[in-house]
Amino acid sequence: VSTQSTWAAGVVGFFLISWLFLGNAWFSYALCGLIGTVVCLLFIEITQYYTDYKHAPVRRIVSSSRTGHATNIIAGLSVGLESTGAPVLIMVTALITSYYLGETSGISNSKGEKIGGLFGTAIATMGMFSTGVFVLSMSGFGPIADNAGGIAEMSHQPATVRTITDRLDAVGNVTKANTKGYSVGSAAMACFLLFSAFIDEVNIISPKKFHVVDITTPEVFLGGLLGSMCVFVFTSWALSAVGNAAQDVIQEVRRQFADNPGLLEGEGQPDYKLCVEIVARAGLREMIRPGLLSVLAPIITGFIFKYAGVIQGKELLGAKVICAFLMFSTSTGILMALFLNNGGGAWD
């Protein structure tokens with residue numbers, strides 16, 4: 001009910017603001033805003049379908065778990081991969097529809113060329129952001145319910161209490177997955193604008209202009225391939241960082257149990273502070289590699305192909321390669337994020 005109320009408020013707000021400020025084009029752009037709010041609602045519903053224990057995908061993983069770890073992993077990967085389909089179809093439909101609606105606004109430049117399409121996609125993106133405060137507030141529910149379950153278990157509460165907190169924890173997993181799925185969707189909607197903004201910035205700086213990126217050019221295609229590769233390497237290093245931090249914490253917990261056997265009997269107080277310190281330090285240390293990859297990869301790629309373009313007499317080759325790098329890496333990153341979010345949420 002809260003989600004639908006927030007959605008309805010966003011729709012009314014977009015129609016009112018468009019009518020007040022956008023003149024004769026208000027209705028076209030109000031519809032673009034409506035598209036964005038509908039995308040937000042659909043993303044939440046799709047994420048809930050793939051991560052809620054009441055629906056078929058999670059139950060399929062549960063069923064496969066009865067035959068061992070291998071079938072559990074296969075079913076989880078299958079659910080995660082499948083879950084990328086519907087969100088991408090929704091984003092494609094939303095972007096192309098909002099673009100064409102923006103074109104119908106009649107806004108044109110001095111040459112008579114229609115330029116309202118891009119603004120239409122921007123309005124649709126803002127439509128998705130309009131419910132952001134409520135959606136992101138749901139993220140806090142998951143950790144609260146999860147910690148409540150841990151407290152109930154450690155304080156030896158009756159089994160009935162743990163049963164209640166387990167159900168709350170399952171709901172919390174869904175709300176966290178919804179929040180992350182919404183973040184992926186809104187970022188995907190905004191990326192189309194970023195590509196255009198990048199090209200505009202290059203055209204402002206460079207005396208030579210370009211408006212089209214031809215991926216049949218070998219260097220441009222290779223730049224895109226490098227961008228997709230960076231997504232997988234970044235993901236690998238991020239997962240490795242989590243694993244290393246977890247190993248450090250487990251080793252510390254085992255050390256404390258070995259040094260003070262009474263902890264298992266509830267005697268004495270564990271050193272929680274040291275475990276938290278290990279996680280904080282590992283989080284900063286282990287993310288150096290992925291962070292440097294994100295920052296340095298496009299810079300190095302751009303410089304290499306820039307000078308390759310100078311040698312070949314292709315003045316803007318570096319900029320075009322970077323544009324392909326950004327397009328491919330973003331597209332791949334969206335799919336990877338959907339896969340990890342929905343697959344992980346379903347497993348959890």
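This text goes with the structure placed above it.
Residues numbered from 1 in each chain as written. Predicted model: local features only at pLDDT ≥ 70, side-chain atom pairs only at ≥ 80, totals over all residues. Heavy atoms only, no water.

## Some points on the pattern of salt bridges
When the charged atoms of two side chains with opposite charge come close together, those side chains can pair. Inspection of every chain in the model, using the stated rule, returns seven salt bridges. Residue Arg-60 is joined to Glu-82 by a salt bridge in which the shortest nitrogen-to-oxygen separation is 3.6 Å. Separated by 22 residues along the polypeptide, Arg-60 in helix α3 (residues 56-65) and Glu-82 in helix α4 (residues 69-82) bring together distant segments of the chain. Looking at Arg-60, the relative accessible area reads 36%, which means it is partly exposed. The partner of Glu-286 in a salt bridge is Arg-285, with the nearest N and O atoms 3.5 Å apart. The exposure class of Arg-285 is partly exposed, given its relative accessible area of 44%. Residues participating in the shared-partner salt-bridge network are Asp-248, Arg-285 and Glu-286. (Salt bridge = Lys/Arg side-chain N within 4 Å of Asp/Glu carboxyl O. Helix = DSSP H or I, 4+ residues; strand = E, 2+ residues; numbered from the N terminus. Buried < 20%, exposed > 50% of the residue type's maximum accessible area, 1.4 Å probe, protein only.)

## Focus: the packing of helix α6 (residues 116-129) against helix α9 (residues 159-205)
Put simply, α6 and α9 touch, their axes get as near as 10 Å, and they point 160° apart. What the angle tells us is that α6 and α9 run roughly antiparallel. The way α6 lies across α9 gives a crossing that is left-handed. Residue-level inspection shows Leu-118, Thr-121, Ala-122, Ala-124, Thr-125, Met-128 and Phe-129 of α6 in contact with α9, the latter providing Tyr-182, Gly-185, Ser-186, Met-189, Ala-190, Phe-192, Leu-193 and Ser-196. (Axes fitted to C-alpha atoms, helices over the stretch in contact; angles between N-to-C directions. Parallel < 35°, antiparallel > 145°, perpendicular 65-115°, else oblique. Left-handed = near helix turned anticlockwise from the far one by under 90°. Contact = heavy atoms within 4.5 Å.)

## Quick notes on the environment of Asp-146
Tracing the sequence through the fold places Asp-146 in helix α8 (residues 141-154). Judged by relative accessible area, which is 38%, Asp-146 ranks as partly exposed. Expressed as a C-alpha distance, the spacing of Asp-146 and Ser-18, which sit 128 residues apart in the sequence, is 42 Å.

## A few points about the environment of Lys-320
As for its placement among the helices and strands, Lys-320 is situated in helix α13 (residues 317-347). Under the relative-accessibility criterion, Lys-320 is labelled partly exposed at 28%. Separated by 99 residues in sequence, Lys-320 and Phe-221 place their C-alpha atoms 9.8 Å apart. Leaving out residues up to four positions away in the same chain, Lys-320 has contacts with Phe-210, Val-212, Val-213 and Val-220.

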